[in-house]
Amino acid sequence: MSQKQILVIHGPNLNLLGSREPEIYGALTLPQINADLAEIAANAGAELKSFQSNHEGELVDRIQAARTDGCQFIIINPAAYTHTSVAMRDALAAVALPFVEVHLSNVHKREAFRHHSYFSDLAEGVICGLGAQGYRAALAFALSKLG
């Protein structure tokens, strides 16, 4: 059996984690979050790949590539594209891989425009408001689904 492969996709502005509004998004940097997840995955016998972009088209391209590169599960924080990107939604629907939507902050405690997601109805689950722990919870779920 081939190694389990999980892709974590981080949307726009998440490259600024650790310095961008830490009272909302926490003090951990994106490299710290990715390293933590990669270690957990490796200890479970899985490979974790991470990708971040501030550009919608690059995110769509990476989602599409997941269909043929061995990826079996996606953890995605679409960030601001949560509320605007039909293109990313369509890409996730097209690749037909299971995914969990993650948000560091509790979007339901924030501005009204953040309450709608173009992804939630396709997702296996949605995790919000747990900070970086939300990624860990999504990874635990992905690993359990992949057996």
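Looking at an unreviewed UniProt entry, one finds the protein chain named 3-dehydroquinate dehydratase, with Roseateles oligotrophus as its source organism. Taken directly from UniProt, the Catalytic activity (unreviewed entry) text for the protein chain runs: "3-dehydroquinate = 3-dehydroshikimate + H2O". Taken verbatim from the UniProt record of the protein chain, the Pathway (unreviewed entry) comment is "Metabolic intermediate biosynthesis; chorismate biosynthesis; chorismate from D-erythrose 4-phosphate and phosphoenolpyruvate: step 3/7."

Visitor: Whenever I open this one, helix H5 (residues 133–146) confuses me. Can you help?
Guide: In an α-helix, one turn spans 3.6 residues, which is why side chains three or four residues apart end up on the same side. Along its 14 residues, H5 runs 20 Å from first to last C-alpha, staying within 8% of the 20 Å computed at 1.5 Å per residue. For H5, the set of buried residues is Gly 134, Tyr 135, Ala 138, Leu 139, Ala 142 and Leu 143. Buried residues along H5 sit against strand E1 (4–10), helix H2 (30–43), strand E2 (46–52), strand E3 (73–77), strand E4 (99–103) and strand E5 (125–128). Backbone geometry just downstream of H5 places Gly 147 in the positive-phi region, at approximately 70°.

Visitor: In this structure, what is going on with the sheet that holds E5? I would like to understand it.
Guide: Strands belonging to one sheet form pairs held by backbone hydrogen bonds; the direction of such a pair is parallel or antiparallel. An order of E2-E1-E3-E4-E5 is seen for the 5 strands of this open sheet, with the pairing classed as parallel. Where the open sheet ends on each side, the last strands, each with one partner, are E2 and E5. Neighbour to neighbour, the strand axes of the sheet diverge by 20° on average, direction disregarded. Where E1 lies against E2, 7 bridges are found, and the strand directions are parallel. Looking at E2, one finds that Ile 6 is bridged to Leu 48.

Visitor: Looking at this structure, I do not really get the UniProt feature "binding site: substrate" (unreviewed entry) in the protein chain. What am I missing?
Guide: Mapped onto the present numbering, the UniProt feature "binding site: substrate" (unreviewed entry) falls at Asn 77, His 83, Asp 90, Leu 104, Ser 105 and Arg 114. Taking relative accessible area as the criterion, Asn 77 reaches 3% and is therefore assigned buried. If sequence neighbours within four positions are ignored, Asn 77 has contacts with Ile 9, His 10, Gly 11, Leu 14, Val 102, His 103, Leu 104 and Tyr 135. Residue position: His 83 is located in the loop between E3 and helix H4 (86–95).

Visitor: Could you clarify how one ought to interpret the UniProt feature "site: Transition state stabilizer" (unreviewed entry) in the protein chain in this entry?
Guide: Within this structure's numbering, the places UniProt gives as "site: Transition state stabilizer" (unreviewed entry) are Arg 20. Relative to the elements of secondary structure, Arg 20 occurs in the loop between E1 and helix H1 (22–25). In this view, Arg 20 contacts Asn 13 and Tyr 25; residues no more than four positions away in its chain are not counted.

Parameters at a glance
- Residues numbered from 1 in each chain as written.
- Predicted model: local features only at pLDDT ≥ 70, side-chain atom pairs only at ≥ 80, totals over all residues.
- Heavy atoms only, no water.
- UniProt positions renumbered as here; feature names shortened; annotations may be inferred.
- Helix = DSSP H or I, 4+ residues; strand = E, 2+ residues; numbered from the N terminus.
- Expected span 1.5 Å × (residues − 1).
- Buried < 20%, exposed > 50% of the residue type's maximum accessible area, 1.4 Å probe, protein only.
- Contact = heavy atoms within 4.5 Å.
- Pairing = 2+ DSSP bridges.
- Axes fitted to C-alpha atoms, helices over the stretch in contact; angles between N-to-C directions.

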